[in-house]
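Report on the structure
Residue strings, one per chain:
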Amino acid sequence: MKIEQSLPPCQHSALGYLCGPFPKGLSKRVYIESYGCQMNVSDSEVVASILAKDGYTPVKSAEEADLVLLNTCSIREKAEYTVMQRINEMNNLKASNKELKVGVLGCMAERMREDLLEKKKVVDLVVGPDAYRTLPELLEKVGTGQKAVNVLLSREETYSEIEPVRLDTNGVSAFVTIMRGCDNMCAFCVVPFTRGRERSRDPHTIVDECRKLVAQGYREVTLLGQNVDSYRWNIDSRGNVKDPDLPVTDFADLLDMVARVSPLLRVRYSTSHPKDMTDKVLAVMARYDNICKYIHLPVQSGSSQVLHRMNRGYDRAWYLERIASIRKHMPDCAISTDIIAGFCGETEEEHRETLTLMESVAYDMAFMFKYSERPKTLAARKYPDDVPEEVKGRRLQEIIDVQKRSSSARMLGYIGQVHEVLVEGVSKRSAEHLYGRNTQNAVVILSRWWNGTELKPGMFVTTEITNATAGSLQGRIIGIMNEQPVNA
Ligand code: SAM
Ligand code: SF4
């Protein structure tokens, strides 16, 4: 990136470029690489914002950078292994750029700080998910040749007023974090240990962020939290109002507030928790056309006994009742899920219950994983990881096979229907085609031109679905709904 692009306009120059001495650190370049969930992508944007104030400009590759930050994920052993390999690769980069500094952020920083600092000589900086505000001071220390670390978790930090610097953006869709941490303690999950206690962000700062995004041309926000259904503002976990002079906001209220920001703004969210998802939320979703008809509702297992061991707080019947309620409120709503194969003690019968549940729900999409034991979790302390690796693999494959059939059936069912599609970008396969998504989150491939008009990202188009594969739909454009491309 050229340096002029990052400079503030100069008061004294007709050209508008800075003429005086560079402010401290203005030429520093940071490359942030995100692993794992959407929350990490969103956190990286907060980090970019904090560093921008410290004079850092984001760049698109580690090779161009003075500072490389790896924002890491601990959810499964394999995720950590991938990051460890990447950390090792940093040795080569440091060999060719002696000034390069390397930092590890996020869940692995929290979980493995000693290991990272002691065993990985290449790492200069280790910062946990609640300590990003301290990055400037930590980097100052790193600048003097010392290692720096801050992995303190917080009960308050929500980065609420920080305006994220959008990285790798298509200019159309953006993540907005509404809460941090998790209080649920699912037996398999490391998140409560790496991201700390649950806290919700001030709803007014969320709405402000969404308004600014609309003004910048964005047309879709995804509200993020580990369990959005337990979002609450001005009320504690026992239901006591904290400040009687202020309104109480739950997730349904927040959705309502965000939906009213603009009819041109699509609203999505992730992740719902089956034990907490209320009919009030479903009613708000049904009420607004611009709240997308798509819910990610992780089930994890179809067996009530396994769900009990997982400490998920619901059973099979409860989950199926929640699915029925979604269908009642929004018959056209797409539903996706997360499933874990081979959790501790899972029998063949329990595994088959997962397959039958999947068949009865007929998910549009699923993220499917082999169970991976994580240190400190309830499961690691309480249950042996006793399903053999090859059995986990076979069960996972059976789960994937059911899902493939159900995804194909769902996609084929769209053929002949008319959908509103938000155009997001140019198709990877052909420059003559664009891609977008319908409200159900299915990818739709469209021609770049319609009646002599070139479609642009940010446009809403009415489309007849003409063809389908398991991964995407093809659409014939019928009309353009707004003729205001966002990034023309
Ligand atoms: N908060 C969300 C929820 O309650 O479902 C999801 C959080 S987690 C980042 C995403 C998914 O990773 C989980 O839904 C689960 O399926 C999977 N997962 C978490 N821990 C796992 C583990 N130890 N082994 C395998 N998969 C795991
Ligand atoms: Fe992990 Fe459960 Fe919290 Fe999701 S709800 S982040 S799976 S502990």
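Everything here concerns the structure above.
Let me sum up the structure you'll find in this document.

Criteria and cut-off values
- All chains use their own residue numbering, which begins from 1 and follows the written sequence.
- The naming scheme follows written order: chains are lettered A onward, ligands numbered 1 onward.
- In view of the model being predicted, local features appear only for residues whose pLDDT reaches at least 70, and side-chain atom pairs are presented and counted only at 80 or more, with totals across whole chains, interfaces and linings using the full set of residues.
- Excluding hydrogens and water, the side-chain values take into account all heavy atoms of the structure.
- Lines fitted to the C-alpha atoms define the axes, with helices restricted to the stretch that makes contact. Angles between their N-to-C directions range from 0 to 180 degrees.
- A run of H or I in DSSP counts as a helix once it spans at least four residues, and a run of E counts as a strand once it spans at least two, with each numbered from the N terminus.
- To sort the angles, those under 35 degrees are grouped as roughly parallel, those over 145 as roughly antiparallel, those from 65 to 115 as roughly perpendicular, and the leftovers as oblique.
- Take the far helix as the reference: if the near one is turned anticlockwise from it by less than a right angle, the crossing is left-handed, and if turned clockwise, right-handed.
- Should any heavy atoms of two residues lie within 4.5 Å, those residues are considered in contact.
- The classification used treats Ala, Val, Leu, Ile, Met, Phe, Trp, Tyr, Cys and Pro as nonpolar, Asp, Glu, Lys and Arg as charged, and all other residues, Gly among them, as polar.
- For two strands to be treated as a pair, DSSP must find at least two bridges joining them.
- The near set for a molecule or strand comprises every residue that places at least one heavy atom within 4 Å of it.
- Partly exposed residues are those whose accessible area sits between 20% and 50% of the maximum for their type, while under 20% is buried and over 50% is exposed, using a 1.4 Å probe and protein chains only.
- A carboxyl oxygen of Asp or Glu within 4 Å of a side-chain nitrogen of Lys or Arg is what we treat as a salt bridge.

1. Points about the packing of helix 8 (residues 251–259) against helix 9 (residues 279–287)
With their axes 8 Å apart at the nearest point, helix 8 and helix 9 run at an angle of 15 degrees to one another. Classified by the angle between their axes, helix 8 and helix 9 sit roughly parallel to one another. Read as a crossing pair, helix 8 and helix 9 show a hand that is right-handed. Facing Phe251, Ala252, Asp253, Leu255 and Asp256 of helix 8, the residues of helix 9 in contact are Lys280, Val281, Val284, Met285 and Arg287. Its residues assigned to classes, the contact of helix 8 with helix 9 comprises six nonpolar, no polar and four charged.

2. Things to note about the sheet that holds strand 22 (residues 460–468)
Read around the closed barrel, the five strands follow the order 17-18-19-23-22; overall the barrel is mixed. Averaged over all neighbouring strand pairs, the angle between strand axes comes to 55 degrees, with direction disregarded. For strand 17 (residues 418–426) and strand 22, the ladder comprises five bridges, and the chain directions are antiparallel. Considered in strand 22, the bridge of His419 is made with Thr463.

3. Considering the site of ligand 2
Near ligand 2 you find Cys182, Asn184, Met185, Cys186, Phe188, Cys189, Val191, Pro192, Gln226, His273 and Arg312, and these make up its full shell. Class assignment for the residues of the shell around ligand 2 results in seven nonpolar, three polar and one charged.

4. Focus on the environment of Val123
Considering the arrangement of structural elements, one finds Val123 in the loop between helix 4 (113–119) and strand 5 (125–127). Using a relative accessible area of 0% as the deciding quantity, one classes Val123 as buried. Leaving out residues up to four positions away in the same chain, Val123 has contacts with Ile87, Val102, Val104, Leu116 and Lys147.

5. Considerations on the pattern of salt bridges
One side chain can pair with another of opposite charge once the charged atoms of both are near each other. Under the counting rule described, the total for this entry stands at 45 salt bridges. Where Glu33 meets Arg86, a salt bridge forms, and the shortest distance between an N and an O atom there is 2.7 Å. Pair noted here: Glu33 is in strand 1 (residues 28–34) and Arg86 is in helix 2 (residues 77–96), with a separation of 53 residues, a long-range link. A single burial state applies to Glu33 and to Arg86, both of which are buried. For Asp183, the salt bridge identified is with Arg197, shortest N-O distance 2.9 Å. Here Asp183, found in the loop between strand 8 (179–180) and helix 6 (191–195), pairs with Arg197, found in the loop between helix 6 and strand 9 (199–200); they are 14 residues apart in sequence, far enough to count as distant. According to the relative accessible area criterion, Asp183 is partly exposed, its value standing at 35%. On the basis of relative accessible area, Arg197 is assigned to the partly exposed category, the value being 42%. Each of Glu220, Arg266, Arg268, Glu420, Glu424 and Arg437 takes part in one network of salt bridges that share partners.

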